[in-house]
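Architecture and fold: a report
What follows is each chain in one-letter form.
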Amino acid sequence: MDTESTYSGYSYYSSHSKKSHRQGERTRERHKSPRNKDGRGSEKSVTIQAPTGEPLLANDSTRTEEVQDDNWGETTTAITGTSEHSISQEDIARISKDMEDSVGLDCKRYLGLTIASFLGLLVFLTPIAFILLPPILWRDELEPCGTICEGLFISVSFKLLILLIGTWALFFRKQKADVPRVFVFRALLLVLIFLFVVSYWLFYGVRILDSRDRNYQGIVQYAVSLVDALLFIHYLAIVLLELRQLQPMFTLQVVRSTDGESRFYSLGHLSIQRAALVVLENYYKDFTIYNPNLLTASKFRAAKHMAGLKVYNVDGPSNNATGQSRAMIAAAARRRDSSHNELYYEEAEHERRVKKRRARLVVAVEEAFIHIQRLQAEEQQKAPGEVMDPREAAQAIFPSMARALQKYLRTTRQQHYHSMESILQHLAFCITNSMTPKAFLERYLSAGPTLQYDKERWLSTQWRLISDEAVTNGLRDGIVFVLKCLDFSLVVNVKKIPFIVLSEEFIDPKSHKFVLRLQSETSV
């Protein structure tokens, strides 16, 4: 009887404390609500949302996956790629802001292209104008030039053609990315060319146009000297923009923040923003695609352990905090002693299920390809108009392997990266090129690079560069910068390639010689 009264008293106290706690929260919210009346109050408010890259229903779906038998794929609803990420109001506001900023980036890109095009047109028209203006303005006063000028005309024509092709190949290339800052060397070269052409025009206007110089051969040679100087500037541009960065000087270690996958790249003298572009270009072809579902197992295990801890306060509210802390510490210690066993058996069970479903998938695909070979042998005997195309053949054999493939992709948590249409296209491609079943399965048995998947499956294509130093500064030893996207980031650590001292050591060839002495007692 005393025990029942004690528990009933504790339940009444807990319900009363819950009511008082709710009333306290309402009072605090009532006091904090006037702060959100202005526009800046929304930024300081606390928004509770699911962690980025973690599906909202991951706990339930994962528990269902671990409990169900091999036929769970027929009755379980899969979480597709459209329900994996939650977006809050702040994310929507940031996306709208990024869309507005992208308009400014496009304007900046086209403005730079317009300035470069105008300057290039000015450069190519200037030598021609230098040659054509004197015959147009004071033709009768010019001295005859003859064969020498004709040879100079041919020289100027071919030099301008070479300069045109070189400028098109070096400067007028499609941009692969938008960088936050201007390219310093490119901007310096454009300024140098502009100042160079303006100085030539000033000299031409003062010495030739004003004085109406009669020596036409000297005028043509003046234009030839301009073209020669422009060719040397183009050579300088090749050295600064292309050749300078070819010699490796730094080693960049790129680490993905979520799963720790890393790669190493060797680069030359580049700015931080250009090094970031090189890292991203290599990331899409070298790193395996980021799969957030593979990282949720540890979170679910920790949540399951914490959910199993229950604290009861029988003595009353006097020692509430102390009792709960001691109980939590003791329970955590007991859990820690047995957690490695649970982890071992969970991983072993998961590997067993993966191997089992992989074997079923391999057998199903091999049988489907054997059926394709049988169909091809039958189609060779048919009329030319009745031959089945690869797309129809893929649709015909896909149902026989669909169930095994679906189960395997769900077990390995890859189902949101492969749609039915992409699988059919890959199957038709393999049939067209007479590939083996192993070649078809390679895409699904092992995670490939990001470029292997469709663009709409990529989690992010917009990156933010975070650096303590200016992004236009060059690389140096010890610099660390971060490339951040929506769900993960790439941490780049720069190390200088060490100076290697290679010495030669001479070894006397006679030191390798030895003498074999035979004795009569031996059997040799």
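Residues numbered from 1 in each chain as written. Predicted model: local features only at pLDDT ≥ 70, side-chain atom pairs only at ≥ 80, totals over all residues. Heavy atoms only, no water.

Selection criterion: UniProt positions are given in the numbering used here, feature names are shortened, and annotations may be inferred rather than shown by experiment.
As recorded in an unreviewed UniProt entry, the protein goes by the name Vang-like protein, listed as coming from Marmota marmota marmota. Of the protein, the UniProt comment under Sequence similarities (unreviewed entry) reads exactly: "Belongs to the Vang family." The UniProt entry for the protein carries the following text under Subcellular location (unreviewed entry): "Cell membrane".

1. Details of the overall build of the protein
For clarity, the cut-off: A run of H or I in DSSP becomes a helix once it reaches four residues, and a run of E becomes a strand once it reaches two; helices and strands are each numbered from the N terminus. Relative accessibility decides the category of a residue: with a 1.4 Å probe and only protein chains considered, values under 20% of the type maximum give buried, values over 50% give exposed, and everything between is partly exposed. Contact criterion: two residues are considered in contact whenever any of their non-hydrogen atoms come within 4.5 Å of each other. The Shrake-Rupley method, run with a 1.4 Å probe, gives the accessible areas here. Residue values count only the displayed protein chains as cover.
In terms of helices and strands, the protein carries 13 helices and 5 strands. Every one of the 524 residues in the protein was classed for burial, and the buried ones make up 29%. When contacts within the protein are restricted to residue pairs at least 6 apart in sequence, those whose partners lie at least 24 apart make up 75%. With an accessible surface of roughly 35200 Å², the protein has 58% of that area assigned to carbon and sulfur atoms.

2. Some thoughts on the pairing of strand E5 (residues 489-496)
Stated precisely, the cut-off is as follows: Paired strands are those between which DSSP finds at least two bridges.
Sheet analysis places strand E1 (residues 250-256) next to E5, joined by 7 bridges and oriented antiparallel. Looking across to E5, one finds that Leu252 is bridged to Val494. Relative to E5, strand E4 (residues 480-484) is paired through 5 bridges, and the arrangement is antiparallel. What sits directly across from Val480, in E5, is Asn493. Connecting the antiparallel pair E4 and E5 is a turn made up of 4 residues.

3. Examining the state of the cysteines
Quick note on the threshold: Cysteine sulfur atoms are paired as a disulfide whenever they come within 2.5 Å of each other.
Applying the stated rule across the entire model yields 1 disulfide. Residue Cys145 pairs covalently with Cys149 via a disulfide, S to S 1.4 Å. One quick way to see it: the torsion about the S-S bond of Cys145 and Cys149 is about 95 degrees, and its sign makes the bridge right-handed. In this structure, Cys145 and Cys149 share a single accessibility class: buried.

4. Side note on unusual backbone geometry
Even without glycine at this site, Arg212 takes up a positive phi of about 50 degrees. With respect to the helices, strands and loops of the structure, Arg212 is situated in the loop between helix H6 (184-209) and helix H7 (216-243). Phi is positive for Arg413, which is not a glycine, with a value near 60 degrees. By the element assignment, Arg413 lies in the loop between helix H11 (390-411) and helix H12 (420-432).

5. Observations regarding the pattern of salt bridges
Which entries qualify depends on this criterion: For this analysis, a salt bridge means a side-chain nitrogen from Lys or Arg found within 4 Å of a carboxyl oxygen belonging to Asp or Glu.
A complete count under the given rule lists 8 salt bridges for this structure. For Asp259, the salt bridge goes to Arg256, with nearest N and O atoms at 2.9 Å. For Asp259, a relative accessible area of 38% gives the class partly exposed. Assessed through its relative accessible area of 1%, Arg256 is described here as buried. Each of Arg256, Asp259, Glu261 and Arg263 takes part in one network of salt bridges that share partners.

6. Topic: the pairing of strand E2 (residues 262-267)
Inspection of the sheet shows E1 paired to E2 by 6 bridges, in the antiparallel sense. Bridge pairing in E2 places Val254 opposite Arg263. Hairpin geometry of E1 and E2 is characterised by an intervening segment of 5 residues between the two adjacent antiparallel strands and by a positive phi of about 80 degrees at Gly260.

7. Considering a nonpolar patch on the surface
So the rule is basically this: Patch rule: a residue counts if its relative accessible area is over 30% and it has no salt bridge; like charges are joined within 9 Å, and nonpolar side chains (Val, Leu, Ile, Met, Phe, Trp, Tyr) within 5 Å.
A surface patch of nonpolar side chains, amounting to about 980 Å² of accessible area, comprises Tyr110, Leu113, Ile154, Phe158, Leu161, Leu164, Ile165, Trp168 and Phe172. Contributions of two or more residues to the nonpolar patch are made by helix H4 (89-137) and helix H5 (147-170). With 6 residues, the top contributor of residues to the nonpolar patch is H5.

8. Focus: the environment of Leu230
Within the secondary structure layout, Leu230 lies in helix H7. Through-space distance from the C-alpha of Leu230 to that of Lys159 is 9.6 Å; in sequence the pair is 71 residues apart. The residues touching Leu230, leaving out its near neighbours within four places in the chain, are Val123, Leu163 and Phe196.

9. Considering the UniProt feature "transmembrane region" (unreviewed entry) in the protein
Mapped onto this numbering, the UniProt entry annotates "transmembrane region" (unreviewed entry) at residues 110-132, 152-171, 183-204 and 219-241. A distance of 27 Å separates the end C-alpha atoms of residues 152-171, which is 95% helix and 0% strand. As a span, residues 183-204 carries 95% helix and 0% strand, and end to end its C-alpha atoms are 32 Å apart.

10. Concerning the side chain of Glu261
Here is the rule we go by: In protein, a polar contact requires one atom able to donate a hydrogen and another able to accept it; more generally it is a pair of N or O atoms within 3.5 Å, and residues adjacent in sequence count only if both atoms are side-chain atoms.
Among the structural elements, Glu261 can be located in the loop between E1 and E2. A polar side-chain atom of Glu261 sits 2.6 Å from a polar atom in the side chain of Arg256. For Glu261, the residues in contact, after removing those within four places along its chain, are Val254, Val255, Arg256, Asp286, Phe287 and Thr288.

11. Let's talk about the confidence of the model for the protein
The condition is simple: Looking at any residue, its pLDDT shows the predictor's confidence there, from 0 to 100.
For the protein, per-residue confidence averages 74 on the pLDDT scale, and residues scoring 70 or more make up 67% of the total. Predicted confidence for residues 1-22 stays below pLDDT 50, and this span has 5 contacts to residues more than four positions away or in other chains. Counting interchain partners and residues more than four positions distant, the pLDDT-below-50 stretch residues 24-90 has 62 contacts.

12. Digging into H11
Going by this rule: Expected helix span is computed as 1.5 Å times (number of residues minus one). At any given residue, the bend is defined as the angle formed between two axes, one fitted to the seven residues that end at that position and one fitted to the seven that begin there.
The end-to-end C-alpha distance of H11 is 29 Å, a good match for the 32 Å that 22 residues give at a rise of 1.5 Å each. By the largest-angle criterion, Met401 marks the main kink of H11, which is about 50 degrees. Among the residues making up H11, those that are buried are Ala393, Ala394, Ile397, Phe398, Met401, Ala404, Leu405, Lys407, Tyr408, Leu409, Arg410 and Thr411. Once H11 ends, the next one or two residues include Arg413, with phi positive near 60 degrees.

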